[in-house]
Amino acid sequence: MSRIRRLVYVHLIPPVTERGFSSLSVVTAPFDFTEIQISRLPTVVILGRPNVGKSALFNRLIRRREALVYNTPDDHVTRDIREGLAKLADLRFRVLDSAGLEAEATSASILHRTASITAHVLAKSHFALFLTDARAGLHPLDLQVGKWLRKHAPQIKPIVAMNKSESLFDATGSLASAANEMCRLGFGDPIAISAETGLGMHDLYMSLKPLLEDYMLRVFTGKSNLMTFHSVMKES
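Everything numeric here is computed off the predicted structure, so don't read it as measured data.

J.: Just checking my understanding: could you explain the overall build of the protein chain for this structure?
T.: What the protein chain contains, in helices and strands, is 7 helices and 11 strands. Pairs at least 24 residues apart make up 72% of the contacts formed inside the protein chain by residues separated by at least 6 positions. For the protein chain, the computed accessible surface area is about 12,700 Å², with 53% contributed by carbon and sulfur atoms.

Listed below in structure tokens is the structure:
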């Protein structure tokens, strides 16, 4: 018996309907992302203006292991896209850090100078984490990033995460005020995290889990047979 746990399986005897047999029905069980080939895992990109902690979150997600770096020339300036394997509890996904793309750009020209490369990164991604700075509040460039994302990647609805939130957990209501402000981005309620301390990683997990599981379910059920399904799993 293979050591691979079957996460999606198909009833070989389809149910009967009024018009006869229906197509094969799919039954799902909880996914074990550790059993899926890395190349088949969904990709999540971390976006946001400079200095909001994108690299810190990237390092926490990959548990500070060495990242794979792609050097991308743009107007004779080399910029880096870091890719790593994220491990968030039992979730596994590929994560892209766009911080290197923005490191040499000023806040006034960031979108103009990095638009083509950022679009290329988005084309490789299935989901996005839109990182903001809870302590600084909603910045005009946050609104620009949101506008650019909505225009160039309308298929992606990002998860808005307010980084550096550890100092706002008090009785003054400052965290709630920051969250209400971030709702102006138009991507739903934000989650409060701290990439440095690990605060809010459970909330991030709960936000990502249904999205990643739904993605993998669509990948598996889109295959024509179980042999193809097994090809996306690790070898036994």
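Moving on from the coordinates now.
J.: Quick question: what am I supposed to make of helix α5 (residues 174–182) here?
T.: Within α5, burial applies to L175, A178, A179 and M182. Each buried residue of α5 lies within a common arc of 100° when the element is viewed along its axis, so the set occupies one face.

J.: Would you take a moment to explain the packing of aromatic side chains for this structure?
T.: Aromatic rings in a pair are described by how distant their centres are and how their planes are angled relative to each other. Considering all chains together, one arrives at 2 aromatic pairs under this definition. Arranged with centres 6.2 Å apart and planes meeting at 80°, the rings of F127 and Y215 form a pair that is edge-to-face. Placement of F127 in strand β9 (residues 127–133) and of Y215 in helix α6 (residues 201–221) is noted, with a sequence separation of 88 residues between them. When its relative accessible area of 14% is taken as the criterion, F127 is described as buried. Taking relative accessible area as the criterion, Y215 reaches 14% and is therefore assigned buried. Here the aromatic rings of F130 and F187 are separated by 6.1 Å at their centres, their planes lie at 65°, and the arrangement is edge-to-face. With a gap of 57 residues between them, F130 in strand β9 and F187 in the loop between α5 and β11 (191–192) connect regions that are remote in the sequence. Taken as a pair, F130 and F187 share a single burial class, namely buried.

J.: Help me understand the nonpolar core, please; the structure alone is not making it clear to me.
T.: In globular proteins that are soluble, nonpolar side chains generally tend to be buried together. Residues L57, L61, L88, F93, L129, L204 and L208 are the most contacted members of the largest nonpolar core, which totals 34 residues. Only β5 (43–47), α1 (54–61), β7 (77–88), β8 (91–97), β9, β10 (159–163) and α6 provide two or more residues apiece to this core. Counting residues per element, this core draws most heavily on α6, which supplies 9 residues. If we skip the residues at most four places from it in the chain, F93 touches L41, P42, V44, L61, G84, L85, A86, L88, L208 and L212. Counting residues in each nonpolar core, the second largest holds 26 residues, with L96, A128, M182 and L185 among its members.

The rules behind these values
- Residues numbered from 1 in each chain as written.
- Predicted model: local features only at pLDDT ≥ 70, side-chain atom pairs only at ≥ 80, totals over all residues.
- Heavy atoms only, no water.
- Helix = DSSP H or I, 4+ residues; strand = E, 2+ residues; numbered from the N terminus.
- Contact = heavy atoms within 4.5 Å.
- Areas by Shrake-Rupley, 256 points an atom, 1.4 Å probe, with all protein chains shown as cover.
- Buried < 20%, exposed > 50% of the residue type's maximum accessible area, 1.4 Å probe, protein only.
- Arc of directions from axis to C-beta.
- Phe/Tyr/Trp six-rings, centres within 6.5 Å; stacked < 30°, edge-to-face > 60°.
- Core = buried A, V, L, I, M, F, W, Y, C linked by side-chain atoms within 4.5 Å.

Just geometry here; none of it tells us what the structure is for.
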